[in-house]
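# Structural features, examined
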Amino acid sequence: MHEFTEKHHAFISAMFYVLLTEKFGERGEAAFVHATQRYAEQRGARMAQRAIRDGKPLNFATYRAYGEWVNTQSVKDEGCDNQGPVLSYSPDFTEKVTMCPWAAQFKEMGLEKAGTVYCTHLDNSVVRGFNPYLVYEVPQSMHEHGYCIQIARGANFEEGKIPQKRREYLKGLDYHCGHVYKTFSSITIAIFGLEGQKIATEVLSKFGEKYGQDMADVLTKYYDTDFDVTK
């Protein structure tokens, strides 16, 4: 079995977008947005729970330190890991992202539109799950502009210093892939019933066809995991 990477994660959400919009049009896209937001809010909530447990304030410095993932070695070797310059540290922390493995996967699949929808709603929803009073903006994505702009309002980081992630709280991409598959499946089934179940099953089938049944089986092992709470 190969290593789970960010590109596997992107494939799952991309296939949900394709199948939802093919079957349900605008309602399918609305369901996709809702699933993206829910998935992201769960991530942010777990980060907040760990921070509160450790007595940390729910500010952007803590948000950066308590993130659950770092780029895998596989995407670094491919040269599509997250890259780009910092445009400002204070008062707003602003990044220009010129490369991203999710964007690379969406592009490989010819699904830039899906990438735009996903990226428009993902990061600000993670922040909302972490602390809804923080303001995080993604005014543009690389799918239509060539690069992303991401802004953490009022972060007030020290010049040249970005809080480093606490490695004990990182999760493997198998966990994140299991999470995105479970949440998108649950939302799709809740909205569309039997037709939603068919979509979730087809996504899993297509994942297995592309990456192998052993990797698809890993996704289903996380289906009983409670992603709302930290472990």
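Scope of this entry: the structure provided in the associated data block. What you see as residue numbers is a count from 1 along each chain, following the sequence as written. Reporting of local features is limited, given that this is a predicted model, to residues whose pLDDT is at least 70; pairs of side-chain atoms are given and counted only at 80 or more, and all residues count toward the totals for whole chains, interfaces and linings. Think of the side-chain values as coming from all heavy atoms in the structure, minus any hydrogens and water.

### Concerning the sheet that holds strand E4 (residues 148–152)
Spatially, four strands are ordered E1-E2-E4-E3 in an open sheet, and the strand pairing comes out antiparallel. A single partner strand is all that each edge strand has here, and the edge strands are strand E1 (86–88) and strand E3 (136–140). Put simply, the sheet's adjacent strands are angled 20° from each other on average, direction ignored. Being paired, for any two strands, means DSSP has found at least two bridges between them. Where helices and strands are cited, they refer to DSSP runs of H or I of at least four residues and of E of at least two residues respectively, numbered from the N terminus. Strand direction decides the pairing type here: E3 and E4, joined by three bridges, are antiparallel. The partner of Glu137 across the bridge, within E4, is Ile151. The strands touched by helix H5 (residues 112–130) are E3 and E4; relative to E3, the strand with the most contacts, the crossing angle is about 170°. Here, axes are lines fitted to C-alpha atoms. For helices the fit covers the stretch in contact, and angles between N-to-C directions go from 0 to 180 degrees. In what follows, residue pairs with any heavy atoms lying within 4.5 Å of each other are defined as contacts.

### Some thoughts on the pattern of salt bridges
Salt bridge, as used here: a side-chain nitrogen of Lys or Arg that lies within 4 Å of a carboxyl oxygen of Asp or Glu. Here the structure, examined in full by the defined rule, presents 16 salt bridges. For Lys113, the salt bridge identified is with Glu29, shortest N-O distance 3.5 Å. Residue Lys113 is located in helix H5, and its partner Glu29 is located in helix H1 (residues 6–53); the two are separated by 84 residues in the primary sequence. Accessibility expressed as a relative area gives 24% for Glu29, which makes it partly exposed. Here Glu68 makes a salt bridge to Arg50, at a shortest N to O gap of 2.8 Å. Taken together, the residues Glu68 in the loop between helix H2 (60–65) and helix H3 (73–78) and Arg50 in helix H1 connect sequence positions 18 residues apart. The structure contains a network of salt bridges with shared partners spanning Lys7, Glu78 and Glu108. Here the term buried applies to any residue with accessible area under 20% of the maximum for its type, exposed to any over 50%, and partly exposed to those in between, with areas from a 1.4 Å probe on protein chains only.

### Observations concerning H5
With 19 residues, H5 ought to run about 27 Å at 1.5 Å a step, and its terminal C-alpha atoms sit 28 Å apart, in line with that. Every buried residue of H5 is listed here: Ala114, Gly115, Thr116, Val117, Tyr118, Cys119, Leu122, Asp123, Ser125, Val126, Val127 and Phe130. In this analysis, the expected span of each helix is defined as 1.5 Å times one less than the number of residues it contains.

### Some details on the state of the cysteines
Sulfur atoms of two cysteines make up a disulfide when they are within 2.5 Å. Taken as a whole and judged by the stated rule, the model has zero disulfides. The thiol of Cys119 is unpaired, and the distance to the nearest cysteine sulfur, on Cys148, comes to 5.5 Å. Exposure remark for Cys119: the relative accessible area of 13% places this residue in the buried category. No disulfide involves Cys177; its sulfur sits 14 Å from the nearest other cysteine sulfur, which is in Cys100.

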